[in-house]
Amino acid sequence: MPPRLPSLRAHLLTLWILLLASAAATAYLLTEFYTQSAAVQVAQVELQAARACREIGDRFAFFGSGWTGSVAEPDDTLKSQLTDVVVTALASHPGVEGGIWTASAGSAAYAFPTYEGTGPKTDLPAAEIDTIRRVNAEALSAERPVATRRVSRTQTLVVQGCPLRGPIQGATAWTMARVHTDQGRAYGQLLAGFGFLAATVLGSALLLGRLLLLLGRRIARLEGQLGRETAEGDLPHLAPTGLRELDRLVEALNAAGTRLAAARHRAAEAERLAALGQLAAGIAHEIRNPLAAIRLKAENALASADPARGRAALDLVLDQVARLDRLLRDLLSLTQPRRPVPTPTDLGLLLQDCAHLHDDFARAQGAAITVAEATTERPHLDPDQIRRALDNLLLNAIQHSPAGGIVRLSGVREGDRLRIRVTDQGPGVPESLRARLFDPFVTGRPDGTGLGLAIVREIARAHGGQARLAAPPPDASGPGATFELDLPWTASQPMSCPPMSCPRMSCPPTSRPPAS
C-alpha cells in the first residue's frame, strides 16, 4: 500500500506559508539594506561636518594671526568679519551650515552659504539652539572636537563642535548637517521593493485563496453528486467542474460509470437467464416424476382387469396431483408479489399457535416442540406471513430431528432487531448446501422441492430483514441447525416488495408436511 500523502489543500497551505515566510525574510533584508545605506549616509555627513568644522578653525586661525591681546565679547564689526570667515569656510561644503560660538555671548557668527532657499539664510535655527550650545560647551570643556547626532523618523541631525584658538576668549566653531532618511536613492529603492513585495504577496495570496475556495466548492459538489443514489444503483453522471484537472477525473469517472452500468446490465441479464434456467430445470424435474408415475399407473390399470389395481392407481394419481398442486402453490407464492401488512402482534401467542399446529406431526416423528423464549412486547409484523415462514422452518426441523429430539422455538428482541429462531437437534446442514441453502430447488431430501427455505427468505426480505443459518445456541446438545429470521423491530410503514417476493401466506390446513 503506497504511503498516505498530504491532501492538495495541505500542499497549497504549505506553499502559502512558505510564500509568507519568504516575503517576511525579503522585507527584513530590504529593511537592513536600507538601514545600512542610511548609516553610510550619516557617516559621510559626519565626516563632511568634521571637515567643515576644521575648515572654519583654519580660516579663523588665519584671520586672527598677528592679533595682540584678547577679546571677551566681539562687537558688530567683528561679528560681520567672523561671518565672512564662516561663509568662506563653508562655501565648499554643500548642505552644511555653521558658525562661531562664544561662551559669554553665544553666537558670534552664522552662515549657510549653500542654502537652497529663495535667499541667503542668516538666522540661527531656533529649534537646534540648545543642541548647538551643548555641543560647543562640550568641545570647549574637552578642548577637542565633539560630535553628536539626533535621530528622528524622517531625518538625522549631525552637529560638530571644535575649539578655536585665538584672540577671542571661549570661542568654538560648530557645523551642522541634516541627513533626510525619507529621501534619496536608498529610500526610493526601499519603497519600490516593499511595493513590489506587497503586490506579489497579495496577488499570490489572493490567487491561492481563490484556488483553495474553488477546489473546496468543486470537490464538495462532486462529493454531493457521488453521494446521490440512482434508481439502478449505478454511478451518477457528474457535471463538469470548470477546472481542467478535475474535469479529467470527472470524464474518467463518467466513462467508468458507463462501463460499470453496461457490465451490471450484462451481469443482470446473465443472472436472470441463469435463474430462469434453474427455475425451468427444477420445475421440469419436479413435474416429470409425478407425471411418469401417473402415466405408469394409468397404463398398468388399463392393461389389468383387476378393479383393485385400478383403484390403487387412482389413489396414486390423486396423491401425485396433490403433490403437483402443492408445487404450483409454492411457485405462486414466490412469483405473486404481496405486501406485508404489519400490525402489533402477540409474538408469544403466534409461536404457541405454530407449535401447537405441528404437535401431532412432531409426535409421529418421535420429536417434541417447545417455545423456549418469547418477548412480551408486541412487534409490528404480518402474522400470516410470519406464520407461513415458521411452518416451513418447523416442518424442516421436525423432519431432520432424531427420535427423542426437541425442536426449540424462540423470539427475542435484541436492540432494534427481532430475532425468531427455530433450532433442531438433527445432523446439521452439509457444507455443500450452506452457500445455496435458500436458493429455489436446493434441498437435501430426495422428496423435497427446495422451495420452503426460498419462501422463508422472501418473507424476511419483504419485512426488511433476512433469513439465515445461525450458530447453534450455547446450550445445544448436538450439532443441529438453527434458522433465524432477523427482522427490524418496527416499521414506520408497510415495506414495498420487489417481484419474486412477498408470498401469499396462509397456514396449511393440516399438519401433513409438504415436500420442501
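See the structure above.
Here goes a summary of the coordinates provided. (Residues numbered from 1 in each chain as written. Predicted model: local features only at pLDDT ≥ 70, side-chain atom pairs only at ≥ 80, totals over all residues. Heavy atoms only, no water.)

Quick notes on the packing of helix 9 (residues 383-400) against helix 11 (residues 452-462)
Packed helices, taken two at a time, are described by the angle their axes make and the gap between the axes. Axis separation between helix 9 and helix 11 bottoms out at 9 Å; the angle between their running directions is 150°. For the crossing formed where helix 9 meets helix 11, the hand is left-handed. Of helix 11, the residues touching helix 9 (which contributes Q385, I386, R388, A389, N392, L393 and N396) are G452, L453, I455, V456, I459 and A462. When its residues are assigned to classes, the contact of helix 9 with helix 11 shows eight nonpolar, four polar and one charged. (Axes fitted to C-alpha atoms, helices over the stretch in contact; angles between N-to-C directions. Helix = DSSP H or I, 4+ residues; strand = E, 2+ residues; numbered from the N terminus. Left-handed = near helix turned anticlockwise from the far one by under 90°. Contact = heavy atoms within 4.5 Å. Nonpolar A, V, L, I, M, F, W, Y, C, P; charged D, E, K, R; others polar.)

A short note on the nonpolar core
By size, the foremost hydrophobic cluster in this structure holds 37 residues, and its most contacted members are I386, L390, I420, V422, F483 and L485. Residue assignment for this core shows that the elements contributing at least two residues are helix 7 (347-357), helix 8 (359-364), helix 9, strand 9 (406-414), strand 10 (417-424), helix 11 and strand 12 (481-488). Membership of the second largest hydrophobic core comes to 25 residues, among which are F60, L82, A177 and V179. (Core = buried A, V, L, I, M, F, W, Y, C linked by side-chain atoms within 4.5 Å. Buried < 20%, exposed > 50% of the residue type's maximum accessible area, 1.4 Å probe, protein only.)

Overview of the packing of aromatic side chains
Following the criterion strictly, the structure yields two aromatic pairs and no others. When the ring of Y110 is compared with that of W174, the centres are 6.0 Å apart and the planes differ by 15°; the resulting orientation is stacked. Placement of Y110 in strand 2 (residues 106-111) and of W174 in strand 5 (residues 171-180) is noted, with a sequence separation of 64 residues between them. According to the relative accessible area criterion, Y110 is buried, its value standing at 7%. (Phe/Tyr/Trp six-rings, centres within 6.5 Å; stacked < 30°, edge-to-face > 60°.)

Brief notes about the sheet that holds strand 9
Strand order in the open sheet made by the five strands is 7-9-10-12-11, with mixed pairing throughout. Of all strands in the sheet, those with a lone pairing partner are strand 7 (368-374) and strand 11 (466-470), marking the two edges. Adjacent strand axes in the sheet meet at a mean angle of 15° when their direction is disregarded. Bridge analysis of strand 10 against strand 12 gives eight bridges, and the strand direction is antiparallel. In the strand pairing of strand 12, L418 is matched with L487. (Pairing = 2+ DSSP bridges.)

Quick word on the sheet that holds strand 4 (residues 155-163)
Judged by pairing direction, the sheet is antiparallel, and its five strands sit side by side in the order 2-1-5-4-3 without closing on themselves. A strand with exactly one partner marks an edge of an open sheet, and here the two such strands are strand 2 and strand 3 (146-151). Strand-to-strand twist of the sheet, defined as the mean angle between neighbouring strand axes without regard to direction, takes the value 20°. Strand direction decides the pairing type here: strand 1 (residues 96-102) and strand 2, joined by five bridges, are antiparallel. Residue pairing in the sheet places G99 in a bridge with Y110 of strand 2. Against the sheet, helix 2 (residues 76-90) touches strand 1, strand 2 and strand 5, its axis set at about 45° to strand 2. Where helix 3 (residues 129-142) meets the sheet, it contacts strand 1, strand 3, strand 4 and strand 5, and its direction lies at approximately 35° from that of strand 4.

All quantities given are derived from atomic positions and should not be read as evidence of function.
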